[in-house]
Amino acid sequence: MFLKVSSLFLVALLLTALPAQARNGYFGVRGGISDVHEKDIIDDYVSGGFGSGYIGFYSGAFRGEVEYTYISRADYDDKQLDLDADFQRVMANAYVDAPITRYVRPYFGGGVGTAIYSVKDNLTHTKKSGCNFAWNATAGLGIKITRNLTFYSGYRYVFMGKIGLCEDDLRFVADEVY
């Protein structure tokens, strides 16, 4: 419960604080490839897709946004585990753009929020749903196409928290390329 309330407070704070400081707002969608895996078993990747929508504000080189992400059903399968998982996230992200030219802008940033999960263990037929504190680190490149359109490509590491489904807690992370 604390995670839900604190995440909602953080999102509300971001939404109320940024418009007073920012000159411009923006919105968009992202999609890409997401490799979700258990943090300690990094050789057992599960590729899938993700989609997200975001709204934000920028002021100079700084950007802040609120983002919702859905990761399509991840099928995690090895000799000890056979899991189906759905993940959703609500994140407050902040970025710093470092313009090289008028049209090319590398960026880096991070964010915090809530990861909502639903995991089913197909071997023991147990299910678990809940939410965890989540954080991310992001880096990429923005290429300005027109005055109001920028194409972003990047990499994001996301820690989505622990899920106590079996004897040991599983710690899920996602490597996302968009």
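Residues numbered from 1 in each chain as written. Predicted model: local features only at pLDDT ≥ 70, side-chain atom pairs only at ≥ 80, totals over all residues. Heavy atoms only, no water.

(A) Structural view of a nonpolar patch on the surface. A surface patch of nonpolar side chains, about 450 Å² in accessible area, is lined by Leu 141, Ile 143, Ile 145, Leu 149 and Phe 151. Sort the elements by how many residues they give to the nonpolar patch and strand 6 (residues 126-146) lands first, with three residues. (Patch = residues over 30% accessible without salt bridge, like charges linked within 9 Å, V, L, I, M, F, W, Y side chains within 5 Å. Areas by Shrake-Rupley, 256 points an atom, 1.4 Å probe, with all protein chains shown as cover. Salt bridge = Lys/Arg side-chain N within 4 Å of Asp/Glu carboxyl O. Helix = DSSP H or I, 4+ residues; strand = E, 2+ residues; numbered from the N terminus.)

(B) Region of interest: the pattern of salt bridges. Counting across every chain of the model gives five salt bridges. For Arg 30, the salt bridge goes to Glu 65, with nearest N and O atoms at 3.2 Å. Of the two residues, Arg 30 is situated in strand 1 (residues 24-38) and Glu 65 in strand 3 (residues 62-77); the sequence distance between them amounts to 35 residues. By the burial criterion, Arg 30 is buried, and Glu 65 matches it. With its nearest N and O atoms 3.1 Å apart, the salt bridge here joins Arg 63 to Asp 97. Of this pair, Arg 63 sits in strand 3 while Asp 97 sits in strand 4 (residues 82-97), placing them 34 residues apart in sequence. (Buried < 20%, exposed > 50% of the residue type's maximum accessible area, 1.4 Å probe, protein only.)

(C) Structural detail: the packing of aromatic side chains. Following the criterion strictly, the structure yields six aromatic pairs and no others. Aromatic pair Tyr 26 and Tyr 54: ring centres 6.0 Å apart, planes at 65°, arrangement edge-to-face. Remark: Tyr 54 occurs in strand 2 (residues 46-59) and Tyr 26 occurs in strand 1; sequence separation between them is 28 residues. Across this residue pair, the class does not change: Tyr 26 and Tyr 54 are buried. For the ring pair Tyr 95 and Tyr 107, a centre distance of 5.8 Å and an interplane angle of 85° mean the geometry is edge-to-face. Of the two residues, Tyr 95 sits in strand 4 while Tyr 107 sits in strand 5 (residues 104-121), which places them twelve residues apart along the sequence. Judged by its relative accessible area of 2%, Tyr 95 falls in the buried class. The ring of Tyr 178 is capped by Arg 30, whose NZ or CZ atom sits 5.2 Å from the centre of that ring. One residue, Arg 63, lies across the ring of Tyr 107, its end atom 5.1 Å from the ring centre. (Phe/Tyr/Trp six-rings, centres within 6.5 Å; stacked < 30°, edge-to-face > 60°. Lys NZ or Arg CZ within 6 Å of the ring centre and 35° of its normal.)

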